[in-house]
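Single-letter residue listing:
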Amino acid sequence: MRANPSFILSLPLGGKILLALMLGAALLVPLLNLLTPVDSFFHVPTYLVSLMGKYICYALLALSVDLVWGYCGILSLGHGAFFGLGGYAMGMYMMRQIGTRGVYGNADLPDFMVFLNWKELPWAWYGFDMFGFAMLMVVLVPGALAFLFGWFAFRSRVTGVYLSIITQAMTYALMLAFFRNDMGFGGNNGLTDFKDILGFDIQADGTRSVLFALSALALAGGYLLCAMIVRSKLGRILEAIRDAESRVRFLGYQVQYYKLFVFTFSAMLAGVAGALYVPQVGIINPTEFTPANSIEAVIWVAVGGRGTLYGAALGAVLVNYAKSYFTGALPEVWLFMLGGLFVLVTLLLPKGIVGLVNQFTSRTVRSPLRFLYAGKQP
Amino acid sequence: MAFFNALKIYALLLCILFMPLHAFAQTQADMPGLIHQLTDKSRSTQAEAVDALTATGDPVVIAPLDALLNGNLYTRKSDGSVWITTATATGFDLRDPLTGADGGSVAAGEMSKAKITNAIRTRLRGSIGRMSLLGPDPKLRREAADAIFKNGARESIPLLEAALEKETDETVIRRMQRALAGVHLDQSDDTQVRLKAIETLGAFTDQDVRALLNTALKQSDESVRAAAKKALAGVESRLEFWGMAEGLFHGLSLGSVLLLAAIGLAITFGVMGIINMAHGEMVMIGAYTTFMVQEVIRNSYPGLFDASLFIAIPAAFMVSGMVGIAIERGIIRFLYGRPLETLLATWGVSLILQQTVRSIFGPTNKDVGTPSWMSGAMEFDSGLALTYNRVAIIVFSLMVLGLLVLVMRKTSLGLRMRAVTQNRAMANSMGIRTGTVDALTFGLGSGIAGIAGVALSQIDNVSPNLGQSYIVDSFMVVVFGGVGNLLGTFFGAMSLGLVNKFLEPFAGAVLGKIFILIALILFIQYRPRGMFALKGRAVEN
Amino acid sequence: MRKHIRSTVMAAAVAVLGAVTPIKAAMAADDTIKVGVLHSLSGTMAISETTLKDTILMMIDDQNKKGGLLGKKLEAVVVDPASNWPLFAEKARELIQVKKTDVVFGCWTSVSRKSVLPVFEELNGLLFYPVQYEGEESSRNVFYTGAAPNQQAIPAVEYLMSKDGGEAKRWVLLGTDYVYPRTTNKILRAFLHSKGVADADIMEEYTPFGHSDWQTIVTNVKKFASEGKKTAVVSTINGDANVPFYKELGNQGINAEDIPVVAFSVGEEELAGLDTAPLVGHLAAWNYFMSVDAPKNAEFIKQWHDFIKDPKRVTNDPMEAHYIGFKMWVQAVEQAGTTDVDAVRQAMYGQKVKAPSGFESVMNTNHHLSKPVLIGEIQDNGQFDIVWRTDGPIVGDAWSDFIPESKKLTADWTFPWVCGNCEKPKYTVN
């Protein structure tokens, strides 16, 4: 299960491309952004750097959804909650970093608390002035929530649409909770007006490039971890659970623990995605918890190709690129395009874009590309 | 107490107004002049005119005062003359404010309306009320009595007693007794009278009486305080009871809204197994159909407006049902056996439908009117008010549910629907056209959602976002009740509504909802297939 | 094997370039002056913001008919941030960096403004924000053409306290749970205290966005009001939730004489979705009403109806704010002779525009407008009848005098202050 070269070479072509792309982008994009002159053909503008960084964070979220949905049959309509929680943990760290630079100049309390007449920091904010603690929370909070939720749900064998709907209830409840100003997380306005992260100015090109590179590396790392999981013995059992849960149970496996593990791991991954997302877009607010956002993440996976991991990442980037493009180019009708895309993909491409490409390559270009398909197709 | 002192002065004025009624009437104030003054731009001039007209005591002034209050008093731009108007299709019919003589008809543009503010409105209502204490309209007499109760002036005692003697209407008698007791308790020097008043008041159950009894607790007389305390306890316990009743009503009403929103989904999702994210948009289409029906009625048959909802119900059923059938035939039929993928496709459909409606009707809210029989509330002496539109929605939701259960259980279509959803292959081999049945079932679910839209248009925004606000709740209701069980949907909706409304006073609207969602998540652990789970192996897959 | 690795890397490089190139190619040369429009055309805010997009398109159209600006045509760049706050930030960056717009008109909610604020400050863009808001902000890169709390809330409450307004003694502060109602109510509470109103006579209640079941709250308001003194409701309920709220008020028979409701977020556009007959007499406070009787307003309404080709469409306060903002920007550009942000900002201060409200609006150095305050009563035709107005324009306060922390702050972007939130000037005058 170690990530030795032979493991990487055994990955499917799409996975290799993803890894290569991410490693390449993590190196190239910061260089092209920082070192080339602005008018050069090779210059990558900062606008693009943070835009692509955002896409990559979405891709990481899609990856985490695909891990549970594509390989374990758990359709989570609440992964946006884990993404949001990770984002909030990061946001809280950055809020504390503002210190006296806020408009009211209060060293301890963020502006919105001063404003709501709060006299001291709520307990939930303790420790978030430390980067290490905040980073720990980025994975621990979503992980703990997923563990608790999964422990209840999988033990009592809640499956299928019932599970999907209660994951939706979970993210909806969190959304309502975070919208409340009394919760102490900034209410509707959320957390914003960040200044710096670990002392680096968040608006500087350098910081943005580094954040981009980190996101790309996180996606590559996340992909490797997920690939390792699904190709291990554990992964086989997960797939078996996806295809026939009762039979696996009858064979003596403790199904709930396998599910619990993969669900919790996936939530942590989503948390990391959220944490990387927030400094790049500059705001985190409760709309990240809306059920619609979680459903969209599922759609990215379906568009890319469920159960392929790299396909999920591809779907996230493509759909979001389409969204960015159409909201600018065709602001009045872009919802028709997006809606139509979802309908067409479901009808015509049941295995997503990856499925289409695979069909195409396996039919027409038998060799030499087929040689690269050392990894099994799910 | 300064408040009551101020009231005393006011009462004194009131007294002056009433005692020499005839004396004033004989002086014959300049009535037409005063009527003209009513339309003045200055509020204080208007107020003077209202007072002067009231002071005449002449019942003839009620008509112009009432017209001013209801916005029917206009001046003609050409000659500045003042008229009471009745709106017609093209303009106004005119009547003389004092004599009621017919003044012909004019176009709308020729008249300008006399404008008033809330301060003038209050004054007008008071004046009309006092003049009507002996008047012919029992509703006005009742309002007048209530006004005196709130103002509590000793000088109104003889007036009230005189009115009581003549009064025949049971309700009005009670209101007058209440007013009289209120004034006695607050103003009388005689302990016995006050004790008697407390006894009378103790029989009433409303917030105003409670407030008044509370002030009696501060009176110096020991026996009065004790009696007030006792009476207050009775009033408060009854108020609490009625508060519970009110909570129950609010809960049922919220439950019926949830039921309406979810019931179509109970078919498309519950029975057919399609995760229908476009369900909310079917509701929205129903609401827009209502809007269209009303537009046609407003423009062509204004007389039918009160019946508009009854026309809208079949129309909405047809429109939403047709859209539903189109979606089923065009998209969903290719996806049977892949329930999770229906989620993606219907999500896309929902985006398209939202944007379509936005393109056609624009993004802003549309005005769906409330028929007159649905406006207002049933008010009880206890202060309990049941609003007609909520009552109508409760009744309507139950009718829809009943009808649906009948269709599913008693018709051959229902039989075939159940057959197809339980075992498609078997039903097919028995000669049932599964394709047609699928289309009809989805059409039925969508049509029912459209009907829900007619009802929801009465209480919510009619905008392209209408459906979005109900979709999550609808799924919760269906899952909580048990997928595939209409009765479960009913109990699911009602219990969620009731729990929500009973939590709201303690926890507030948001926390209450969060608690419910958490409770729902925990409940599903306990009963993983909802409240009323279908038994048997078929459900496993 | 090595060959394959190399080919994979090559493929990766090609893919990166492929993704980059089309976006770069989209950057065009500028022979026009580009005006960005950043209003949601889909999602929950489309209901309010689409009209503002149309308003700016109308103003641009009008300006082009007059021959454009500085000899160039104006070109609208419309994008749809889809009521999604991170998307607002992305689109703002796109407008400034990629589409090279010279000015942006946009945003409705406070959170969308907060989301784009760092982008405008980083890239030194120029945003005109047309909606009444909670104040407590003054950015160098934003001109706030909507009302600050002192231009809306306080005059409205003063009116209700007056004899004409019904001498209210008890107050219900109802709002949606977000920063604008919270702030406004905080300011109002301090203001009411200063007028001798006790806490027991103030009820404060918050509801979530899109709250549609108002039964319990309206019943509670009725109870609160039945406890003796004259009660008034101050509503900061946001957009969507207003229709069900007013419907419930009407059905429970609460009329304006008993319990007047004064709203700060309900204008002609919101009333268009309602039968207003049961609501006659309830109030709203704005800086503009469609019913203002002024020649400038008649002209504005006609221009709007001609542009939108629907004589039923109404005008409202944020539209008037965009009207003023656009005219001021045009004047400032003409005065500066360039669209350069720094030059235009300097030229903005003191710009005067004859507004449809019938008064002359002035841009102050704290980036807020001087505007009149009008109070209107709802009529049965969906319009407002103006019952009270200030004698003249009131200067918008970025920092409220009623909040201790903000009382000491000053916003003034001219020398010697040059600051949006300072306790003393940045520069000393010798």
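Everything quoted here is computed from the prediction, not taken from an experiment. Within each chain, residues carry numbers counting from 1 in the order of the written sequence. Here the convention is simple: chains get letters from A, ligands get numbers from 1, in the order in which they are written. For this predicted model, a pLDDT threshold of at least 70 governs which residues receive local features, and a threshold of 80 or more governs which side-chain atom pairs are given and counted, while totals over whole chains, interfaces and linings are taken from all residues. Heavy atoms from the whole structure form the basis of all side-chain values; hydrogens and water molecules are not counted.

1. Quick look at the overall build of chain C
- Secondary structure counts use DSSP, requiring at least four H or I residues in a row for a helix and at least two E residues in a row for a strand, with both numbered from the N terminus. Each helix and strand in chain C was counted, giving 13 helices and 18 strands.
- Here the radius of gyration uses the C-alpha set of atoms, whereas the globule reference equals 2.2 Å times the residue count to the power 0.38. The globule rule puts the C-alpha radius of gyration for 430 residues at 22 Å, and the 23 Å found for chain C is close to it.
- Overall size of chain C, expressed as C-alpha extent along the three principal axes, is 85 × 65 × 50 Å.
- Exposure categories follow from relative accessible area, calculated using a 1.4 Å probe and restricted to protein chains: below 20% of the type maximum is buried, above 50% is exposed, and the middle band is partly exposed. Expressed as a percentage of its 430 residues, the buried residues of chain C come to 66%.

2. Observations regarding the sheet that holds strand E7 (residues 202-207) of chain C
Residue and element names in this part refer to chain C.
- Note on pairing: DSSP must find at least two bridges between two strands before they are called paired. Strand order in the open sheet formed by 7 strands is E7-E6-E8-E9-E10-E14-E15, with mixed pairing between adjacent strands. Every other strand in the sheet has two partners, leaving E7 and strand E15 (384-389) as the edge strands with one partner each. Across the sheet, the axes of successive neighbouring strands diverge by a mean angle of 25°, strand direction being ignored.
- Across 3 bridges, the pairing between strand E8 (residues 231-236) and strand E9 (residues 261-263) is parallel. Within the sheet, the bridge partner assigned to valine 233 lies in E9 and is valine 261.
- We call two residues in contact when some of their heavy atoms are within 4.5 Å. Each axis is a line fitted through C-alpha atoms, and for a helix only the stretch in contact is used; angles between axes span 0 to 180 degrees, taken between their N-to-C directions. Along the sheet, helix H7 (residues 215-225) makes contact with strand E6 (170-176), E7 and E8, crossing E7 at roughly 175°.
- Relative to E9, helix H8 (residues 242-251) is tilted by about 165°, and along the sheet it contacts E6, E8 and E9.

3. Regarding the state of the cysteines
- Two cysteine sulfur atoms make up a disulfide if the distance between them is within 2.5 Å. By the definition in use, this model includes 1 disulfide over all chains.
- Across a sulfur-sulfur distance of 1.9 Å, cysteine 419 of chain C and cysteine 422 of chain C are joined as a disulfide pair. Between cysteine 419 of chain C and cysteine 422 of chain C the disulfide shows an S-S torsion of about 80°. By sign, it is right-handed.
- Not engaged in a disulfide, the cysteine cysteine 57 of chain A finds its nearest cysteine sulfur in cysteine 226 of chain A; these two sulfurs lie 15 Å apart.
- Cysteine 72 of chain A provides the cysteine sulfur closest to cysteine 226 of chain A, a residue in no disulfide bond, and the two sulfurs are 13 Å apart.

4. Description of the packing of helix H9 (residues 170-187) of chain B against helix H10 (residues 191-202) of chain B
Residue and element names in this part refer to chain B.
- Axis separation between H9 and H10 bottoms out at 8 Å; the angle between their running directions is 140°. Here H9 is positioned oblique relative to H10, judged by the angle of their axes. Relative to H10, the crossing made by H9 is left-handed. Across the interface between the two elements, Arg178, Ala181, Gly182, His184 and Leu185 from H9 touch Val193, Arg194, Ala197, Ile198, Thr200 and Leu201 from H10. Here the word oblique covers every angle except those under 35 degrees (roughly parallel), over 145 (roughly antiparallel) and from 65 to 115 (roughly perpendicular). Helix crossings get a hand from a simple test, with the near helix turned counterclockwise from the far one by less than a right angle marking a left-handed crossing and a clockwise turn marking a right-handed one.

5. What to know about the confidence of the model for chain C
Residue and element names in this part refer to chain C.
- pLDDT runs from 0 to 100 and stands for how confident the predictor is about each residue. Residues of chain C with pLDDT of at least 70 account for 93%, and the chain-wide mean is 88.
- Model confidence for chain C, summarised as mean pLDDT per element, is weakest for helix H1 (residues 2-25) at 47 and strongest for strand E4 (residues 127-129) at 97.
- Note that residues 6-29 has pLDDT below 50 and, in this model, 19 contacts with residues that lie over four places away or in other chains.
- Overall fold confidence for the complex sits at a pTM of 0.87, while the interface term, ipTM, reaches 0.88.

6. Observations regarding the packing of aromatic side chains
- Classification of ring pairs rests on two measures: the distance between centres of Phe, Tyr or Trp rings, Trp counted by its six-membered ring, which must be within 6.5 Å, and the angle between planes, read as stacked under 30 degrees, edge-to-face over 60 and tilted in between. Scanning the entire structure with this criterion turns up 54 aromatic pairs over all chains.
- Through a chain of ring-to-ring contacts, the aromatic side chains of Tyr88, Phe112, Trp125, Phe178, Phe185 and Phe289 of chain A assemble into a single cluster.
- Whether a charge sits over a ring comes down to the Lys NZ or Arg CZ being within 6 Å of the ring centre and within 35 degrees of the ring normal. One residue, arginine 155 of chain A, lies across the ring of tryptophan 151 of chain A, its end atom 4.4 Å from the ring centre.
- The ring of tyrosine 129 of chain C is capped by arginine 113 of chain C, whose NZ or CZ atom sits 4.7 Å from the centre of that ring.

7. Some points on the nonpolar core
- Side-chain atoms within 4.5 Å are what join buried Ala, Val, Leu, Ile, Met, Phe, Trp, Tyr and Cys residues into a set we call a nonpolar core. Core analysis: the biggest nonpolar cluster contains 329 residues, and Trp171 and Trp329 of chain C have the highest contact counts within it.
- If you tally residues by element for this core, the top one is helix H3 (residues 46-72) of chain A, at 20 residues.
- Aside from chain neighbours lying at most four places away, what touches tryptophan 171 of chain C is Val157, Leu160, Met161, Leu192, Val197, Asp201, Ile202, Met203, Phe224, Ala232 and Val234 of chain C.
- Membership of the second largest hydrophobic core comes to 33 residues, among which are Val218, Ala284, Trp286 and Ala294 of chain C.

8. As for the pairing of strand E14 (residues 374-378) of chain C
Residue and element names in this part refer to chain C.
- Counted residue by residue, E14 has 5 buried out of 5 residues, so it is predominantly covered.
- Side chains Leu374, Gly376 and Ile378 of E14 all project onto a buried face; the interleaved residues Ile375 and Glu377 project onto the opposite face, where all are buried too.
- Bridge count between strand E10 (residues 283-286) and E14: 4 bridges; the pairing is antiparallel. From the neighbouring strand, leucine 283 faces E14, where its bridge partner is glutamate 377.
- Note that E14 and E15 share 5 bridges and pair antiparallel. Counted as the bridge partner of isoleucine 375 is tryptophan 388 from E15.
- Taken together, E14 and the strand that follows it, E15, pair antiparallel across an intervening segment of 5 residues, in which glycine 382 is found at a positive phi of about 85°.

9. Digging into the confidence of the model for chain B
All names here are of chain B.
- On average, residues of chain B score 84 in pLDDT, and 91% of them are at 70 or above.
- By mean pLDDT, helix H2 (residues 21-27) is the weakest element of chain B at 44, and helix H14 (residues 308-330) is the strongest at 95.
- The low-confidence segment residues 536-541, where pLDDT is below 50, has 4 contacts with residues more than four positions distant or belonging to other chains.

10. Considering a nonpolar patch on the surface
Residues and elements named next belong to chain A.
- Together, Leu23, Val210, Leu214 and Leu217 line one region of the surface with nonpolar side chains, adding up to about 350 Å² of accessible area.
- The dominant element in the nonpolar patch, judged by the number of residues it contributes, is helix H8 (residues 205-231), at 3 residues.
- Looking at the secondary structure, you find leucine 23 in helix H2 (residues 13-34).
- What makes leucine 23 partly exposed here is its relative accessible area of 45%. Residues enter patches when they are more than 30% accessible in relative terms and free of salt bridges; like-charged ones are connected within 9 Å and nonpolar ones (Val, Leu, Ile, Met, Phe, Trp, Tyr) within 5 Å. Only the protein chains shown count as cover for residues, with accessible areas throughout obtained via the Shrake-Rupley method and a probe of 1.4 Å. Between Lys or Arg on one side and Asp or Glu on the other, a salt bridge is scored when a side-chain nitrogen of the former is within 4 Å of a carboxyl oxygen of the latter.

11. Notes on the pattern of salt bridges
- The tally for this structure, following the rule as stated, stands at 47 salt bridges over all chains.
- Note that arginine 298 of chain B and aspartate 367 of chain B form a salt bridge whose closest N and O atoms lie 3.9 Å from each other. Here the residue arginine 298 of chain B occupies a position in helix H13 (residues 279-300), and aspartate 367 of chain B occupies one in the loop between helix H15 (339-361) and strand E6 (377-379), the gap between them amounting to 69 residues.
- You can call arginine 298 of chain B partly exposed: its relative accessible area is 30%.
- Classification of aspartate 367 of chain B by relative accessible area gives buried; the value is 18%.
- One salt bridge connects lysine 501 of chain B with aspartate 213 of chain C, and the closest N-O pair in it is separated by 2.5 Å.

12. Overview of the interface of chain A and chain C
- Between chain A and chain C, the residue contacts involve 47 residues of the former and 52 residues of the latter.
- A 1.4 Å probe defines the accessible area here, and the buried area is the portion of it lost by two parts on being joined, summed over both. For the pair chain A and chain C, the summed buried surface comes to about 4500 Å²; carbon and sulfur atoms form 63% of the total.
- Considering only the side of chain A, the residues that lose the most area to chain C are Tyr47, Phe115 and Asn189 of chain A, jointly responsible for 16% of the buried surface there.
- Inspection of the region where chain A meets chain C yields 4 salt bridges.
- Two N or O atoms count as a polar contact when they lie within 3.5 Å, although within protein this holds only if one can serve as hydrogen donor and the other as acceptor, and sequence-adjacent residues are included solely when both atoms are side-chain atoms. At the boundary of chain A and chain C, one finds 16 residue pairs in polar contact (both at pLDDT 80 or more).
- Of all the elements in the fold, those that place two or more residues in the side of chain A that touches chain C are H2, H3, helix H5 (111-115), helix H11 (255-281), helix H13 (310-329) and helix H14 (334-348) of chain A.
- Here the element with the most residues in the side of chain A that touches chain C is H3 of chain A; it accounts for 6 residues.

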